[in-house]
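This is what each chain is made of:
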Amino acid sequence: MKNIARIDFKLWAVGLLLWVGAVWAAEREDLIRRGEKVFLLGGCGNCHTAESGPLAAGGEPLITPFGTFYPPNLTPDPETGIGKWSEEEFIQALQEGISPEGQPYYPAFPFTSYTKMSVRDIRALRAYLKALPAVKRRAPEHELRFPFNLRPGLWVWRWLFFRPERFKPDPFRSETWNRGAYLVEAIGHCGECHTPRNFLGALDWDRAYGGAVLGEIKAPNITPDPDYGIGEWSREDLSYFLKTGIKPDGDTASGEMAKVIRGGTARLDEADLAAIIEYLTSLRPIASDPTQKP
Ligand code: HEC
Ligand code: HEC
């Protein structure tokens, strides 16, 4: 009798362990899947993956008016990737733009938008990156023009232009609008291309989403202005464009926007896509567009 009770107990304990393990694995998988969504809409792979190179193991040279950046390796390789980083260090890089060594990052890494991301989303993102295969591949040093090659100069830039802040929901707006604002401003970082910058590369929020030219990238006005923006587009037009890249006039999105759509907005679920559209159609119209200059 006693022995049977003991066997019963062992079976029960093994069952419990298996169950806990399964729940843990399912939760972990769920976290990684959420992290992948953030990775995709965040466009991390667009910069950190080279053409036909391994995922997130370092990207194509990023040519800007300040010089050429080489987006580093984000895989878990301990020497050339971020395998040794703690979770706190990863959160600090995205929300504060500061490296584990305490150095400031260049805003070519759009931490200026990611600063608005929630810790919950950043944790998921890290779980996803940690689950990627580690790749040994060291990114070359950036090749920047003087004085931009002097990293400590970024302290001045930060003092002038950067305030770390989380996304603050607007209590007077709907939940959908707030979700859209978070996806556009924090993760989707749409303003990093569509908002003009001053001569030191800081975003000019007085002309938010009013269109911008940055090196080769010409990102048009996406405010609801009927002449210069996308005020004439219906919600269906916008939804179709963000899924397929096809505009109401039959043109297709090229270059950077094609990547944003293919890897990011085309893979959103309907609720998130509707939220983004809700937010975009509520933007303040801007009646100009620097990309339309001859
Ligand atoms: C527009 C291009 C671009 C996008 C998009 C981008 N990054 Fe980066 N990232 C860079 C560049 C360039 C650097 C190097 C910055 C520096 O050296 O100061 C960098 C640096 C980093 C670093 C620091 C790595 C190190 O070794 O110090 C991390 C972490 C990082 N990015 C994560 C991400 C994540 C996660 C995403 C998506 C949410 C992302 N990046 C999206 C361009 C980009
Ligand atoms: C890396 C830069 C970049 C990012 C990030 C970006 N875009 Fe774009 N976007 C562009 C460029 C460049 C074009 C012009 C593409 C073309 O016409 O071929 C464009 C075009 C568009 C258009 C079509 C406008 C028109 O008049 O033709 C819309 C709408 C748009 N983007 C919305 C978004 C949204 C929403 C996001 C964020 C989820 C976003 N973009 C993020 C670069 C970017």
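Cut-offs and rules
- Residues numbered from 1 in each chain as written.
- Chains lettered and ligands numbered in written order.
- Predicted model: local features only at pLDDT ≥ 70, side-chain atom pairs only at ≥ 80, totals over all residues.
- Heavy atoms only, no water.
- Phe/Tyr/Trp six-rings, centres within 6.5 Å; stacked < 30°, edge-to-face > 60°.
- Helix = DSSP H or I, 4+ residues; strand = E, 2+ residues; numbered from the N terminus.
- Buried < 20%, exposed > 50% of the residue type's maximum accessible area, 1.4 Å probe, protein only.
- Lys NZ or Arg CZ within 6 Å of the ring centre and 35° of its normal.
- Domains from an automatic or database assignment.
- Contact = heavy atoms within 4.5 Å.
- Buried area = accessible area lost by both parts, 1.4 Å probe.
- Salt bridge = Lys/Arg side-chain N within 4 Å of Asp/Glu carboxyl O.
- Near = heavy atom within 4 Å.
- Nonpolar A, V, L, I, M, F, W, Y, C, P; charged D, E, K, R; others polar.
- Polar contact = N/O pair within 3.5 Å; in protein donor to acceptor, adjacent residues only side chain to side chain.
- Donors = N, O, S within 2.8 Å, 3.2 Å for Na, K, Ca; no water.
- Pairing = 2+ DSSP bridges.

Taken as a whole, this structure holds 13 aromatic pairs when the rule is applied. Measuring from ring centre to ring centre gives 5.1 Å for Phe-39 and Tyr-128, while their planes differ by 50 degrees; the resulting arrangement is tilted. Linking Phe-39 in helix α1 (residues 2-41) with Tyr-128 in helix α5 (residues 119-130), this pair joins segments that are 89 residues apart in sequence. Of the residues examined, Phe-39 reaches a relative accessible area of 3% and is grouped as buried. With a centroid separation of 4.8 Å and an interplanar angle of 70 degrees, the aromatic rings of Phe-66 and Phe-148 are classed as edge-to-face. Of this pair, Phe-66 sits in the loop between β1 (62-64) and β2 (67-69) while Phe-148 sits in the loop between β3 (143-144) and α6 (153-161); the two residues are 82 residues apart in sequence, bridging distant segments of the chain. Judged by relative accessible area, Phe-148 falls into the partly exposed class, the value being 24%. Linked through ring pairs, Tyr-105, Phe-109, Phe-111, Tyr-114 and Phe-162 together constitute an aromatic cluster. Over the ring of Trp-205 we find Lys-116, and its NZ or CZ is 5.9 Å from the ring centre.

We now examine the domain arrangement of the protein chain. Each assigned domain of the protein chain is listed here: domain 1 (1-166) and domain 2 (174-294). Between domain 1 and domain 2, the C-alpha centre-to-centre distance is 25 Å. Facing 20 residues of domain 1, the contacting portion of domain 2 comprises 24 residues. Between domain 1 and domain 2, a total of about 1900 Å² is buried, with carbon and sulfur atoms accounting for 61% of that surface. The tally of links between domain 1 and domain 2 comes to 2 salt bridges.

As a further point, take the site of ligand 1. With respect to spatial proximity, 21 residues lie near ligand 1, and among them Cys-44, Cys-47, His-48, Tyr-105 and His-142 are the closest. Its residues assigned to classes, the shell around ligand 1 comprises 15 nonpolar, 5 polar and 1 charged.

What follows is about the site of ligand 2. If you check the shell around ligand 2, you find 23 residues, and the closest are Cys-190, Cys-193, His-194, Lys-247 and Met-257. One nitrogen or oxygen atom from the side chain of His-194 is found 2.9 Å from a nitrogen atom belonging to ligand 2. With respect to ligand 2, the side chain of Ser-254 contributes an N or O atom lying 2.7 Å from an oxygen atom. Put simply, the parts of the chain that give the shell around ligand 2 at least two residues each are α8 (191-194), β5 (217-219), α9 (235-244) and α10 (255-264). When the residues that make up the shell around ligand 2 are grouped by side-chain class, the tally is 14 nonpolar, 6 polar and 3 charged.

For the structure on display, the rule yields 18 salt bridges. Here Asp-30 and Arg-33 are joined by a salt bridge, their closest N and O atoms 3.9 Å apart. In this pair, Asp-30 and Arg-33 are both assigned in helix α1, 3 residues apart and thus about one turn of the helix distant. Taking relative accessible area as the criterion, Asp-30 reaches 39% and is therefore assigned partly exposed. A salt bridge links Arg-197 to Glu-192; the shortest N-O distance between them is 2.9 Å. Judged by relative accessible area, which is 5%, Glu-192 ranks as buried. Salt bridges here are not isolated pairs; linked through shared partners, they connect Asp-77, Glu-79, Lys-84 and Lys-136.

This brings us to the coordination of the iron atom of ligand 1. One donor from the polypeptide reaches the iron atom of ligand 1: His-48 (NE2), at 2.0 Å. Mapped onto the elements, His-48 comes out in helix α2 (residues 44-48).

On to the sheet that holds β3. Read from one edge to the other, the open sheet built from 3 strands follows the order β1-β2-β3, with strand pairing classed as antiparallel. One side of each edge strand has no neighbouring strand; the edge strands of this open sheet are β1 and β3. Relative to β3, β2 runs antiparallel, the two sharing 2 bridges. Pairing of Gly-67 across the sheet is with Leu-144, part of β3.

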